[in-house]
Amino acid sequence: KLNSQWNFWYVSRKMKDHSIPYSERLKKFAIINSVEEFFKYYLYLKSASEIDRNTDISLFKDPYLPLWENCPQSGVLF
């Protein structure tokens with residue numbers, strides 16, 4: 001069990017999606033509370049070279065979102 005919850009996020013940066021604000025395009029696709037849960041999802045992710053270049057996949061500590069305005073001003077997230 002981890003000391004904190006972590007979340008995997010997905011977002012598309014394709015031009016057709018640019019009319020929708022970035023924060024509204026964010027999709028949480030996994031909640032991680034243990035090392036086993038992390039690998040349950042990580043093992044099924046495509047390698048970076050296989051993922052579309054207009055796709056972002058992020059891992060952030062809960063409750064942070066992968067947004068500039070959501071990052072703390074000082075310190076490291078973990």
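Up top you'll find the structure we're talking about.
We now turn to the structure provided with this report. Owing to the predicted nature of the structure, the values given are computational and were not obtained by experimental measurement.

### Regarding the side chain of threonine 55
Point 1. Note that threonine 55 resides in strand 3 (residues 55-61).
Point 2. With residues up to four places along the chain from it excluded, the contact list for threonine 55 reads Tyr10, Val11 and Arg13.

### A few points about the pattern of salt bridges
Point 1. Inspection of every chain in the model, using the stated rule, returns one salt bridge.
Point 2. Between aspartate 56 and arginine 13 there is a salt bridge; the shortest N-O distance is 2.9 Å. In this pair, aspartate 56 is assigned in strand 3 and arginine 13 in the loop between strand 1 (6-12) and helix 1 (22-25), connecting sequence segments 43 residues apart.

### Quick notes on the sheet that holds strand 1
Point 1. Across the sheet, three strands lie side by side as 2-1-3; this open sheet has antiparallel pairing. Two strands in the sheet have a free side with no partner beyond their single neighbour: strand 2 (27-32) and strand 3. Here the average twist between neighbouring strands, direction ignored, is 20°.
Point 2. The pairing of strand 1 with strand 3 spans seven bridges and is antiparallel. Note on strand 3: the bridge partner recorded for asparagine 7 is phenylalanine 60.
Point 3. Along the sheet, helix 2 (residues 35-42) contacts strand 1, strand 2 and strand 3; its crossing angle with strand 2, the most-contacted strand, is approximately 140°.

### Some remarks on unusual backbone geometry
Point 1. Residue proline 63 is bonded to the preceding aspartate 62 through a cis peptide linkage, with omega at 15°.
Point 2. In this structure, proline 63 sits in the segment after strand 3.

Conventions used here
Residue positions are counted from 1 within each chain, in the order its sequence is given. For this predicted model, a pLDDT threshold of at least 70 governs which residues receive local features, and a threshold of 80 or more governs which side-chain atom pairs are given and counted, while totals over whole chains, interfaces and linings are taken from all residues. In computing side-chain values, all of the structure's heavy atoms are included and hydrogens and water are not. Starting at the N terminus, helices and strands are each numbered in turn, a helix being any DSSP run of H or I of at least four residues and a strand any DSSP run of E of at least two. We call two residues in contact when some of their heavy atoms are within 4.5 Å. For salt bridges, the criterion is a side-chain nitrogen of Lys or Arg within 4 Å of an Asp or Glu carboxyl oxygen. At least two bridges found by DSSP between two strands are what make those strands a pair. To obtain an axis, a line is fitted to C-alpha atoms, over the contacting stretch when the element is a helix, and the angle between two such axes runs from 0 to 180 degrees between their N-to-C directions.

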